[in-house]
Structure formats: C-alpha cells, structure tokens
Amino acid sequence: MNPSRLMKALAALAFGIVALAPAQAQNYPTRPIVLVVPFAAGGPTDVVARTLAQAMSKDLGQSVVVENTAGAGGTIAANRVARANPDGYTILIHHNGMASSVGLYRKLSFDPLKDFEYISQVADVPMTLLAKKSMPANNLNELIAYIKANKEKVNLAHAGLGAVSQLCGMLFQKAIGVDITTVPYKGTAPAMTDLLGGQVDILCDQTTQTIPHINAGSVKLYGVTTDKRISALPNAPTLNEAGLKGFQMVVWHGVYAPKGTPKAVQDRLTASVQTALKDADVKRRIAELGSDIVPPEKQTQEGLRTWLKAEIDKWVPLIKAAGQYAD
Ligand code: MLT
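Caption draft 1: Inspection of unusual backbone geometry at higher detail. Note the cis peptide between Y28 and P29, where omega equals -5°. The topology assignment puts P29 in the loop between α1 (3-27) and β1 (33-37). The residue A72 is not glycine, and still its phi comes out positive at about 50°. Mapping A72 onto the fold places it in the loop between β2 (64-68) and α3 (75-82). Relative accessible area serves as the criterion here: at 37%, A72 is assigned to the partly exposed category.

Shown next as structure tokens:
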C-alpha cells in the first residue's frame, strides 16, 4: 500500500475506534454485568449486593450477577476490579474496608483513591455485638466480666483484617482493655455458622445478617453500635448506653467501577443504583434488616468519592497509631 493510502486507512481505523467507544457506551449494557462482593456468599455484604443487583437487573435490562471473591479482608476483590477491563461489565460493592485497607495493608496492590470510578453509596448498616447462645452472660456488663475472667479461653470471630467485624472486635477489645484470641474467616457468613454451632464465642456483625438469628433467639445480643437504638431491634441498648462510652460504628457501602470506565457508562450505573434504591422491594428489605438507604446526596459519584476520602483521612491515622498491620 502506498504511504498516503496507508495514512488514510490508519486515520479511518482510528476514527472508527473513537466513534465506537461512545456508541458502545450509549448501548450499554448489552450483556450481563458482574458485581464483585469481597466476602463469602450469604453474609451481610452479599445480602446488600443481591438486593441491589436484582433491582438493577430490572432497570438495566441485563442480569447483574453477584460473584463472591473472598479473602484478605476484601482486598482481593478490590484488586480484581481495579485490574478489570474498564467497560462497565465488572464492578465492585465494598464497605468501610475500602478505606481501612489503606492503613492496614502497607503493600496494598491498588489505590482506592486512584484506581476506581465512584458510582454511588448504597446503604448504612448498624452492627450488633453477639455471643453464642450458651454464653452465660445476659447483658454487656456480665459479658465484660465473663471475658475478663476467662480471657485465656474466650475467642472472637471476624472476617479478616479489613473486615468491619474485625474493626468492631478490635475496638471492643480496646474499650474493655482485654486482648482475646481472634478467629478469621472469609466472611461473617461462615463465622455466623460457627457462632450458631458454638465453635466460636463472640462476633460483632451487621444487622443485614444478624437480625433473623437475633429474632429466632439463636444468639445472644448485647447491643447495637449506632448512636441511637434502631427500630428493627427496639429493645436492644446501644453499646454506648450499655456502658461502652462513645462506642459507635456504622457500615457504609459504595459501588465502584475500574478507573477509565467511560463516563456515559458510569452515569448509567449511577442512575441504575438510584432507581434501585427507590424500588419498593429494596426499601422494604433494607428496612427489615435494620438498615437505611443513604440520602440522595450520597447516591452520587461525588457523594461516594468525598465520603471515601474522608473515611481514609479518619481511619488511617487511628489504625497506624494502633500499630495494627495485615502485612
Ligand atoms: C461479610 O459480608 O462477610 C462482612 O461484610 C464481612 C465484614 O466486613 O465483617
């Protein structure tokens, strides 16, 4: 081919590629979307993800398929999505662990503030401090006394460094001034199975998993981690009111896409999350699990990005001061 025909062919090819990108974004989605969950199936993050995915599938006209990529406190899943093709077909749902991982992992393989596009926040979820049913303590003071008297044998389950169950358990141990053995799992779903079976003693876990077990009377509940009592568990004291002054923790969730995802695709995903959060079934399910859909200003790309940044600024110095590292 002579040079001028070659130049024209290359120019046409380049134009075709440039013209194709927005067209593909406009038609998005044309196939199923994978929503990566960083913890085990059946657990609290999985429950939020599947509730959201079902409503988003209706809105997008394509299946949003949940995939559980558990391990390393959620960092394996975040890394997977950071490295995924930025085409809107692999996205992530994650919680506070997206921020705390920056302090916990000195060799983090992704940067939460650089490697993602921020789609929307989703829901805020309280935590509950639980013990196995056979625990002799009937209230928080009795539990603290029991732990102090039996610190060599009591253990606490969690979902790995970066999991909120681990953070809550660590704050609880610091608040009562006792270190106990911790048992890591790939999510609090398997941790809950062992709590129900009596193989582990204590678990601090989200209401999105714990409310059915609390209502069935199959675990002991000592309090909720929110600043006020929650309507789904009106008789449960806050941990603050039960004696752990200032103890407060709420689990927030965000949806992320890999950096470089076309803006039109990001906007379609954000609109779909917003539509899903107005869905009557989603509202009912989130409320019955003691949780709150976030207000409209948090259901935005900027609402997630600024929140994540603020959480990193808040938690990383505290984690570093505690000298708690995962690697
Ligand atoms: C889970 O889904 O298993 C939890 O969100 C893990 C945790 O962070 O405690």
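Don't stop here, the text continues.
Caption draft 2: Layout of the packing of helix α2 (residues 44-60) against helix α10 (residues 263-276). Where α2 contacts α10, the axes come no closer than 9 Å and their chain directions differ by 115°. Two packed elements cross with a definite hand, and for α2 against α10 that hand is right-handed. Counted together, L52, A55, M56, D59 and L60 of α2 and R268, L269, S272, V273, T275 and A276 of α10 form the full contact between these two elements. Residues belonging to the contact of α2 with α10 are distributed by class as follows: 7 nonpolar, 2 polar and 2 charged.

Caption draft 3: Inspection of the site of the ligand at higher detail. All residues adjacent to the ligand are F39, P44, T45, H95, A159, A163, V164, S165, G187, T188 and Q206. Interatomic distance of 2.8 Å between a backbone N/O atom of V164 and an oxygen atom of the ligand. Relative to its free-state accessible area of 270 Å², the ligand is covered by the protein chains to the extent of 100%. Looking at the shell around the ligand, the elements with two or more residues in it are α2 and α6 (164-176). For the shell around the ligand, the class distribution of residues is 5 nonpolar, 6 polar and no charged. Built from parts of two domains, the shell around the ligand gets at least three residues from each of domain 1 (32-124 + 251-322) and domain 2 (126-242).

Caption draft 4: Region of interest: the nonpolar core. Of all hydrophobic cores here, the largest spans 33 residues; its most connected members are L129, L140, L143, I147, F172 and I202. Contributing elements (two or more residues each) for this core: β4 (116-132), α5 (140-149), α6, β7 (202-206), α9 (239-242) and α12 (301-322). Counting the residues that make up this core, at least three belong to each of domain 1 (32-124 + 251-322) and domain 2 (126-242). Non-local contacts of I147, meaning those with residues more than four positions away in its chain, are made with V154, F172, I176, V178, I180 and I202. One finds I33, L35, V37 and V273 within the second-largest nonpolar core, a separate group that totals 29 residues.

Caption draft 5: Molecular detail of the pattern of salt bridges. Applying the stated rule across the entire model yields 15 salt bridges. Across the pair D87 and R31 runs a salt bridge whose closest N-O atoms are separated by 3.4 Å. Note that D87 is positioned in the loop between α3 and β3 (90-94) and R31 in the loop between α1 and β1, a separation of 56 residues in sequence. Residue D87 is classed as partly exposed on the basis of its relative accessible area, which comes to 21%. We classify R31 as partly exposed; its relative accessible area is 42%. Between E311 and K314 there is a salt bridge; the shortest N-O distance is 4.0 Å. Placement of the pair is E311 and K314 together in helix α12, with a separation of 3 residues, close to one helical turn. Judged by its relative accessible area of 7%, E311 falls in the buried class. A single network of salt bridges, built from pairs that share partners, joins D281, R284, R285 and E288.

About the thresholds
Along every chain, residues carry numbers that run from 1 in the direction the sequence is written. Since the coordinates come from a predicted model, pLDDT governs what is reported: local features require at least 70, and pairs of side-chain atoms require 80 or more to be given and counted, while whole-chain, interface and lining totals use all residues. In computing side-chain values, all of the structure's heavy atoms are included and hydrogens and water are not. Starting at the N terminus, helices and strands are each numbered in turn, a helix being any DSSP run of H or I of at least four residues and a strand any DSSP run of E of at least two. Only protein chains enter the area calculation, which uses a 1.4 Å probe; residues under 20% of their type maximum are buried, those over 50% are exposed, and those in between are partly exposed. Between N-to-C directions, angles span 0 to 180 degrees; the directions come from axes that are lines fitted to C-alpha atoms, helices contributing only their stretch in contact. The hand of a helix crossing depends on one turn: near helix anticlockwise from the far one by less than a right angle means left-handed, and clockwise means right-handed. Contact definition: two residues touch when any of their heavy atoms are within 4.5 Å. Classes in brief: Ala, Val, Leu, Ile, Met, Phe, Trp, Tyr, Cys and Pro nonpolar; Asp, Glu, Lys and Arg charged; the others, Gly included, polar. Distances are taken per atom, and a residue is near a molecule or strand as soon as one of its heavy atoms is within 4 Å of it. As used in this structure description, the phrase polar contact means that two N or O atoms lie within 3.5 Å; if the pair is within protein, one of them must be able to donate a hydrogen and the other to accept it, and residues adjacent in sequence are counted only when both atoms belong to side chains. To be clear on the numbers: accessible area is Shrake-Rupley with a 1.4 Å probe, and residue cover counts the displayed protein chains and nothing else. By convention here, the domain bounds are inherited from an automatic or database domain assignment. Among the buried residues, those of types Ala, Val, Leu, Ile, Met, Phe, Trp, Tyr and Cys that are joined through side-chain atoms within 4.5 Å form a nonpolar core. Salt bridges, as used here, are contacts in which a Lys or Arg side-chain nitrogen is within 4 Å of a carboxyl oxygen on Asp or Glu.

These results come straight from atomic positions and should not be treated as a statement about function.
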